[in-house]
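Spelled out, the chains give:
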Amino acid sequence: MSSALTDLCRYPIVQAPMAGGTSCPQLVAAVSEAGGLGFLAAGYKTADGMYNEIKQLRGLTGRPFGVNLFMPQPALADPSAVEVYQHQLAGEAAWYETPLGDPDSGGDDNYDAKLAILLEDPVPAVSFTFGCPTRDTLDAFAGVGTYTVVTVTTPEEAQVAQWAGADAVCVQGVEAGGHQSTHRDDPQTDGAGIGLLSLVSQVRETVQIPIVATGGLMRGSQIAAVLAAGAEAAQLGTAFLVCPESGASLLHKQALTNPLFVRTALTRAFSGRPARGLVNRFMREHGPYAPAAYPQVHYLTAGLRKAAAKAGDAQGMALWAGQGHRMARELPAGRLVRLLAEELDAARTAVSTGSTQ
Ligand SMILES: Cc1cc2nc3c(=O)[nH]c(=O)nc-3n(C[C@H](O)[C@H](O)[C@H](O)COP(=O)(O)O)c2cc1C
């Protein structure tokens, strides 16, 4: 690992930021305490909400951690397409007896206010999703000693991140649970996502900055594979989602290993941007015509998803999951970090001695 990222954790294991309450301070603290690097998710939060979580986390651990920010999205969504989708979801609103949300309530995700707090009271690491910050912003974080990571899904995005001055790139394969962090959401490139191992190798040959690999990683042996391909660390989301400390709902956790949900797919049905989740009724019914309109669709469906969860109806929820979901192990987060580290060690030893596991 690069000196700075290695300094932040004992093992090359990063717990992915997971918005929507999943990567709560309890989960992040448990991961960082065990020698991994935990990340809080600031997405969809107010700036004060983000800061409260940081303060809560600092009360739980003195170990390094990171905070993840969503980049503001250009206003490209077609309002009439959002309106049509609104009508198409009328039956859901009636079924769940919940009004649809205001599609325009998201704005810029309070990006500037969050930046101001993180520069005023710095944290060890900050990562960015859905785009690359300006060179000035990345320089400002360097000035306060914060390690910066930009999530990318192509070698070209990695080049932009390096050019802008990021310390590292988080390389996200198409296997990843949750949103694909493409810098520009272009429906023309739907289905063009690159698998993680191939993408890490391509990015390794394109940029010099450290790589954190993410997408579908559930075992230490897979972490060994991405490290061998040139990554400095691995970031795992779904693997940590099932931990008791995670703030994900019980229904979501149980669905990951429920044989009823065998497949994952990318869909715009819940948020208007491609995101990977377990295939369920809502995704099957609305995915085919959901518009490219993020974050408008996220706010439109927020109440429906909440109502479905309240009703215990997993078929109406966004069950974000990576392709490795069936390998999820319900272990306390600290134990999972240590087990992954042991598996990583064993895999590396097996490779170097030529023995099979
Ligand atoms: C429930 C959930 C929420 C997520 N939220 C975020 C987020 O807020 N910010 C972000 O950068 N990535 C987010 N991701 C994507 C992760 O950073 C990571 O790319 C992904 O989890 C890796 O794939 P895996 O789930 O197969 O490990 C989320 C993933 C999941 C499963």
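Cut-off values and rules
Residue indices begin from 1 for each chain and proceed along its sequence in written order. A pLDDT threshold of at least 70 governs which residues receive local features in this predicted model, and a stricter bar of 80 or more applies before side-chain atom pairs are shown or counted, although totals over entire chains, interfaces and linings include all residues. Hydrogens and water molecules were not included; the side-chain quantities draw on all heavy atoms of the structure. For this purpose, a residue is taken to be near a molecule or strand whenever a single non-hydrogen atom of the residue falls within 4 Å of it. N or O atoms closer than or at 3.5 Å make up a polar contact, with two conditions inside protein: a donor-capable atom paired with an acceptor-capable one, and, for residues adjacent in sequence, both atoms drawn from side chains. Only the protein chains shown count as cover for residues, with accessible areas throughout obtained via the Shrake-Rupley method and a probe of 1.4 Å. Going along the chain from the N terminus, every DSSP run of H or I of four or more residues is numbered as a helix, and every run of E of two or more is numbered as a strand. For this classification, Asp, Glu, Lys and Arg are treated as charged, while Ala, Val, Leu, Ile, Met, Phe, Trp, Tyr, Cys and Pro are nonpolar and the rest, including Gly, are polar. A strand pair is defined by DSSP finding two or more bridges across the two strands. Think of each axis as a best-fit line through the C-alpha atoms, taken over the contacting stretch in the case of a helix, with angles from 0 to 180 degrees between the N-to-C directions. Each pair of aromatic rings taken from Phe, Tyr and Trp, with Trp reduced to its six-membered ring, is defined by centres within 6.5 Å and is described as stacked if the planes are under 30 degrees apart, edge-to-face if over 60, and tilted in the remaining cases. Each residue gets one of three labels from its accessible area relative to the maximum for its type: buried under 20%, exposed over 50%, partly exposed in between, using a 1.4 Å probe on protein chains only. In this scheme the crossing of two helices becomes right-handed for a clockwise turn of the near helix relative to the far one and left-handed for an anticlockwise turn of less than a right angle. Every residue pair with non-hydrogen atoms within 4.5 Å of one another is taken to be in contact. Working rule for helices: expected span equals 1.5 Å times residues minus one. By definition, a residue's bend is the angle between the axes fitted to the seven residues ending there and the seven starting there. Of the grid points, spaced at 1 Å and generated over the protein atoms alone, those admitting a 1.4 Å probe that cannot get out make up cavities, while open sets with protein on both sides within 12 Å along at least five of seven lines make up pockets; any residue with an atom within 4 Å of a point is treated as lining. Grid points are joined across faces, edges and corners, and a volume is the space filled by probe spheres set on the points. For every domain, the bounds stem from an assignment made automatically or drawn from a database. Buried Ala, Val, Leu, Ile, Met, Phe, Trp, Tyr and Cys residues that are joined via side-chain atoms within 4.5 Å together make up what is termed a nonpolar core.

A. Focus on the site of the ligand. Around the ligand lies a shell of 22 residues, among which Asn68, Thr129, Gly216, Gly237 and Thr238 are the nearest. Taking Gly216, its main chain carries an N or O atom lying 2.8 Å from an oxygen atom of the ligand. In the model, an oxygen atom of the ligand is placed 2.6 Å from a nitrogen or oxygen of the Thr238 side chain. Protein chains shield 96% of the accessible area of the ligand, which is 590 Å² for the free molecule. Counting residues per element, the ones that place at least two in the shell around the ligand are strand S3 (65-70), strand S9 (233-236) and helix H11 (238-241). When grouped by side-chain class, the residues that make up the shell around the ligand number 10 nonpolar, 12 polar and no charged.

B. Quick peek at the sheet that holds strand S5 (residues 147-152). Taken together, eight strands build an open sheet; the order of strands is S1-S9-S8-S6-S5-S4-S3-S2 and the sheet is parallel. At either margin of the open sheet sits one strand with a lone partner, and together these are strand S1 (13-15) and strand S2 (38-41). Across the sheet, the mean angle from the axis of one strand to that of its neighbour is 25°, orientation sign disregarded. By the bridge criterion, four bridges tie strand S6 (residues 168-172) to strand S8 (residues 211-214) in an arrangement that is parallel. Considered in S8, the bridge of Cys170 is made with Val212.

C. The packing of aromatic side chains, seen in detail. Evaluation of the coordinates by the stated rule reveals eight aromatic pairs. Both rings, one in Phe70 and one in Phe130, keep their centres 4.9 Å apart while their planes meet at 50°; by these two values the pair is tilted. With a gap of 60 residues between them, Phe70 in strand S3 and Phe130 in the loop between strand S4 (125-129) and helix H7 (135-143) connect regions that are remote in the sequence. Phe130 shares its class with Phe70; the two are buried. Taking the centre distance of 4.8 Å and the plane angle of 20° together, the rings of Phe270 and Phe282 count as stacked. On the criterion of sequence distance, the pair formed by Phe270 in the loop between strand S10 (264-267) and strand S11 (275-278) and Phe282 in helix H13 (residues 281-286) is long-range, its members being 12 residues apart. For the pair Phe270 and Phe282, one class covers both residues: buried.

D. Up close: the packing of helix H2 (residues 25-33) against helix H15 (residues 333-353). The interhelical angle for the contact between H2 and H15, taken along N-to-C directions, is 35°, at an axis separation of 8 Å. Read as a crossing pair, H2 and H15 show a hand that is right-handed. On H15, the residues touching Leu27, Ala30 and Val31 of H2 are Ala333, Gly334 and Val337. Residues belonging to the contact of H2 with H15 are distributed by class as follows: five nonpolar, one polar and no charged.

E. Spotlight on helix H14 (residues 296-310). The end-to-end C-alpha separation of H14 is 22 Å, in line with the 21 Å expected for 15 residues at 1.5 Å each. Most pronounced at Ala302, the bend in H14 amounts to some 40°. Buried residues of H14: Gln296, Val297, His298, Tyr299, Leu300, Thr301, Leu304, Arg305, Ala307 and Ala308, and no others. Where H14 is buried, its residues touch helix H4 (79-88), helix H5 (90-95) and H13.

F. Quick peek at empty space enclosed by the protein. Overall, the coordinates contain two cavities of 30 Å³ or more when judged by the stated rule. Roughly 90 Å³ of internal volume is contained in the largest cavity. Together, Tyr44, Phe70, Met71, Pro72, Gln73, Gly106, Gly107, Asp108, Asp109, Tyr294, Pro295 and Tyr299 line the largest cavity. A per-class count over the lining of the largest cavity returns seven nonpolar, three polar and two charged. Taken domain by domain, the makeup of the lining of the largest cavity includes at least three residues from each of domain 1 (3-73 + 108-242 + 328-356) and domain 2 (78-106 + 262-318). Looking at the second largest cavity, its volume works out to about 40 Å³. In terms of lining, the second largest cavity is formed by Leu5, Val14, Phe39, Val149, Val212 and Gln235. A per-class count over the lining of the second largest cavity returns five nonpolar, one polar and no charged.

G. Representation of the nonpolar core in the model. By size, the foremost hydrophobic cluster in this structure holds 97 residues, and its most contacted members are Val67, Leu69, Leu118, Phe128, Val169, Val171 and Phe240. If you tally residues by element for this core, the top one is H15, at seven residues. Two domains each put at least three residues into this core: domain 1 (3-73 + 108-242 + 328-356) and domain 2 (78-106 + 262-318). Sequence-distant contacts of Val171, defined by excluding residues within four places in its chain, comprise Val152, Leu196, Leu199, Val200, Val203, Ile211, Val212, Ala213 and Thr214. Counting residues in hydrophobic clusters, the runner-up holds 13 residues, among them Leu8, Phe39, Cys170 and Ala233.

H. Region of interest: unusual backbone geometry. Residue Pro295 is reached from Tyr294 by a cis peptide bond, and omega for that bond is 5°. In this structure, Glu97 is a non-glycine residue whose phi angle is positive, near 50°. Of the residues examined, Glu97 reaches a relative accessible area of 74% and is grouped as exposed. Phi angles above zero are rare outside glycine, and Asn110 is one such case at about 55°.

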